[in-house]
Amino acid sequence: MKTIAVLTSGGDAPGMNAAVRAVVRTACENGMKVYGVIRGYNGLINGDFVEMDLRSVSDIINRGGTILYSARSAEFATEEGMQKAIDQCHKWGIEGVVVIGGDGSFRGARDLSERGIPCVGVPGTIDNDIACCDYTIGYDTCLNTIMDMVDRIRDTSESHDRCSIVEVMGRRAGYLALNAGIACGATSILIPEVPFDIEKHVIERMKKTQKTDKKHFIIIVAEGCGIDLEKLTKEIQEKTGVESRYTILGHVQRGGYATVKDRVMATRMGNYAVKLLMNNIGNRVVAAQKEEVVDYDIFEALNMTKSIDMDLYNVAHEVSI
Ligand code: F6P
């Protein structure tokens, strides 16, 4: 392949820029032409392309967000939208596309690949919910942001002998909640993957620790649990007698300077993706497995399932009491 494109799609994640940089630089250094697609699949449909060179990606390795902008494209999900995107690729001579995003973005990459435009997916999402990967770009930065925020909440929670209930992101997955919960010493961690009972997993645990003179509490709730936080907060206060407050961290979790891990892994994965396309290998997903960068067939990757590490969950349960 001589001409490729790169796009970022779905929720942005810190480290996406490092991945874009790696894609552009690897392509340029290997004599390829590379286009940046603006606003994900919408840009592909509209032919919103910018030719990139070595300097187009200077000074972005540290920046959160994505310089290519991102979108969740409803039009691309239609046959007409998909056809427009394919026509644009043909018009601009684009032979392969690197798609940086989550599993929704990979489904788009699969569909494009099926219709003759080879794509390589690079996992970028704070949720860490891509089955073939044990780590996704942005996850590490997000965890550190959550830890920083909850540490701050802990200061005020402790000063007032309160219970602080904190909801963290994770549309369907509890990886952020579980790991942040451990790092922040949460008394209870509620995640969608493990059935929970508020009485047993929150109230009883708090009462047990109250007997050991514990006076302030952190409860981490994954967004994917769909819990009514106001109701939960009232219930905790009424049943334990501990004044309680809740905080929804929200989009603060998606921004900020990427951590070392996110920058390094994003660079490795972006480089790997281009090497695949250079060798005319498409329809793949780049994945991180135990710090190694590997790749999977895109169809296979989308059919894989991933489960929560129950050993880790049990450690949290035993230690944070
Ligand atoms: O997929 C990443 C994510 O941040 C999820 O954790 C969250 O549920 C969702 O995106 C929020 O999406 P939006 O920014 O479109 O509201």
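Above: the structure in question.
All values reported here derive from a predicted model rather than from experimental measurement.

What counts as what
Residues numbered from 1 in each chain as written. Predicted model: local features only at pLDDT ≥ 70, side-chain atom pairs only at ≥ 80, totals over all residues. Heavy atoms only, no water. Helix = DSSP H or I, 4+ residues; strand = E, 2+ residues; numbered from the N terminus. Rg over C-alpha atoms; globule rule 2.2 N^0.38 Å. Buried < 20%, exposed > 50% of the residue type's maximum accessible area, 1.4 Å probe, protein only. Contact = heavy atoms within 4.5 Å. Areas by Shrake-Rupley, 256 points an atom, 1.4 Å probe, with all protein chains shown as cover. Lys, Arg positive; Asp, Glu negative; His and termini not counted. Charge placed at Lys NZ, Arg CZ, Asp CG, Glu CD. Pairing = 2+ DSSP bridges. Axes fitted to C-alpha atoms, helices over the stretch in contact; angles between N-to-C directions. Core = buried A, V, L, I, M, F, W, Y, C linked by side-chain atoms within 4.5 Å.

A. Layout of the overall build of the protein. In terms of helices and strands, the protein carries eleven helices and eleven strands. For 321 residues, the compact-globule formula gives about 20 Å, and the C-alpha radius of gyration of the protein, at 22 Å, lands near that figure. Dimensions of the protein, computed from the C-alpha atoms along their principal axes, are close to 70 × 35 × 30 Å. Out of the 321 residues belonging to the protein, those deemed buried represent 54%. Long-range pairs, those at least 24 residues apart, make up 74% of the contacts in the protein between residues at least 6 apart in sequence. When the accessible area of the protein is evaluated, it comes to approximately 13,800 Å², of which 47% is carbon and sulfur surface. Side-chain charges of the protein comprise 37 positive and 44 negative groups, with the mean position of each set lying 2 Å from the other.

B. Highlighting the sheet that holds strand β6 (residues 163-168). Strand order across the open sheet formed by four strands is β7-β8-β6-β9, with parallel pairing between neighbours. On the outer flanks of this sheet lie β7 (188-190) and β9 (244-248), each paired with one strand and no other. For this sheet the average axis-to-axis angle between neighbouring strands, irrespective of direction, equals 15 degrees. Pairing between β6 and β9: five bridges, direction parallel. Note on β9: the bridge partner recorded for Glu-167 is Ile-248. Set on the sheet, helix α5 (residues 139-159) makes contact with β6, β8 (217-222) and β9; between it and β6 the angle comes to about 165 degrees. Helix α8 (residues 229-240) contacts β6, β8 and β9 of the sheet and is inclined by roughly 155 degrees relative to β9.

C. Examining the nonpolar core more closely. Residues Ile-4, Leu-176, Val-221, Ile-236 and Met-269 are the most contacted members of the largest nonpolar core, which totals 78 residues. Setting aside residues up to four positions removed in sequence, Val-221 forms contacts with Ile-165, Val-166, Glu-167, Val-168, Leu-190, Ile-227, Leu-229 and Leu-232. Ranked by size, the runner-up nonpolar core spans 29 residues in total, among them Leu-44, Ala-109, Cys-119 and Val-285.

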